[in-house]
Amino acid sequence: MSAPYRTSGTAPQEQARWRRRTLGALSGTVLDVGAGSGTSGRFLAPGAEWLALEPAPSARLVRAVEARPRSRLLQSVAEELPLTDGDVDAAVCSTALCSVADPDGALAEILRVLRPGGRLVFFEHVAAPAGSGARLFQGLAAPFTRRFDRGCDPRRDTASAIRRAGFSRVDLRALRTAGVFGGLAPVIEGEAIR
Ligand SMILES: C[S@@+](CC[C@H](N)C(=O)[O-])C[C@H]1O[C@@H](n2cnc3c(N)ncnc32)[C@H](O)[C@@H]1O
């Protein structure tokens, strides 16, 4: 991985930019892992089929799925996808691998359901370098975010998890977004091809 690119934006601003740049280009059947309130679904091309996977769907997500043609809600976890091998053309992980209980298990399942040549696109916040102030902050925040922010663990090494998952190609860019108290919050974005 090359040196992290420092941005002037916050992680949510960079995530919004990433959604605009990336999601509209996906076609076919698109699995949205940990769909949350359904934000990513709004950025997909109208012709794409949106499979919104969420273990605990909110009323907002249910409404978003009902309102969009070519959409399906999958109430399940990423570690046990209710799909057969090669079922999907693309998968989206948008701040989702921080929240799943088992990132390696989730990535194995995503790889299984992607068709050969299919792509996972991702935007994830990740662990800050060991010993940094940002890492100390992540460690202090983790017990609270794990409990109160849908399982989110800010200390994950998601780049390594994606690299060892068995994709044929991984293109990954590391960003340092503007974090709390003037710190730099590390984020990765990119794609992995089955
Ligand atoms: C930080 S939110 C991100 C939501 C959405 N992807 C977005 O970009 O706004 C993480 C989501 O992952 C979901 N989640 C937690 N554990 C999961 C699991 N094991 N499998 C799939 N999704 C999970 C949470 O319920 C939550 O909706």
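Numbers given for residues are sequential positions, taken from 1 along each chain in its written order. Since the coordinates come from a predicted model, pLDDT governs what is reported: local features require at least 70, and pairs of side-chain atoms require 80 or more to be given and counted, while whole-chain, interface and lining totals use all residues. In computing side-chain properties, one takes all heavy atoms of the structure into account and sets aside hydrogens as well as water.

A.B. asks: I'd like a description of the pairing of strand β4 (residues 71-74), backed by residues and values.
C.D. replies: Note that strand β3 (residues 49-53) and β4 share 4 bridges and pair parallel. Residue pairing in the sheet places L51 in a bridge with R72 of β4. When the strands point away from the viewer and the path from the first strand over the helix to the second turns clockwise, the crossover is right-handed. Each helix is a run of H or I in the DSSP string that is no shorter than four residues. Each strand is a run of E no shorter than two, and both are numbered from the N terminus. In the classification by handedness, the crossover that spans β3, the intervening helix α2 (residues 59-67) and the parallel β4 is right-handed. Any two strands are treated as partners once DSSP identifies two or more bridges connecting them.

A.B. asks: Before we move on, could you go through the nonpolar core and cite the residues and values that matter?
C.D. replies: Counting residues in hydrophobic clusters, the biggest one holds 32 residues, and the most contacted among them are L31 and L120. Broken down by secondary-structure element, the contributors of at least two residues to this core are β2 (29-33), β3, β5 (88-94), α3 (103-113), β6 (114-125), α5 (158-163), β7 (169-178) and β8 (184-193). Per-element tally for this core: the top contributor is α3, with 5 residues. Ignoring sequence-local partners within four residues, the contact set of L120 consists of A91, V92, C93, L107, I110, L114, F167, G190, E191 and A192. Here, nonpolar core refers to any group of buried Ala, Val, Leu, Ile, Met, Phe, Trp, Tyr and Cys residues whose side-chain atoms link them within 4.5 Å. Per-residue accessibility, obtained with a 1.4 Å probe over protein chains only, is compared with the maximum for each type, and a residue is labelled buried under 20%, exposed over 50%, and partly exposed between these values. Counting residues in hydrophobic clusters, the runner-up holds 17 residues, among them W18, V30, A90 and F123. Throughout, a residue-residue contact means that at least one pair of heavy atoms, one from each residue, lies within 4.5 Å.

A.B. asks: Can you lay out the pattern of salt bridges for me, pointing to particular residues and giving the numbers?
C.D. replies: Salt bridge, as used here: a side-chain nitrogen of Lys or Arg that lies within 4 Å of a carboxyl oxygen of Asp or Glu. Considering all chains together, one arrives at 13 salt bridges under this definition. Close ionic contact of R21 with E189 constitutes a salt bridge, the shortest N to O distance being 3.2 Å. Of this pair, R21 sits in helix α1 (residues 11-22) while E189 sits in strand β8, and the two are 168 residues apart along the sequence. With relative accessibility at 8%, the residue E189 sits in the buried group. For the salt bridge of D85 with R112, the shortest nitrogen-to-oxygen distance reads 2.8 Å. With D85 in the loop between β4 and β5 and R112 in helix α3, the pair connects residues that are 27 residues apart, well separated along the chain. Among the charged side chains, a network of salt bridges with common partners joins R119, R169, D171 and E191.

By themselves, these observations are geometric and do not establish any function.
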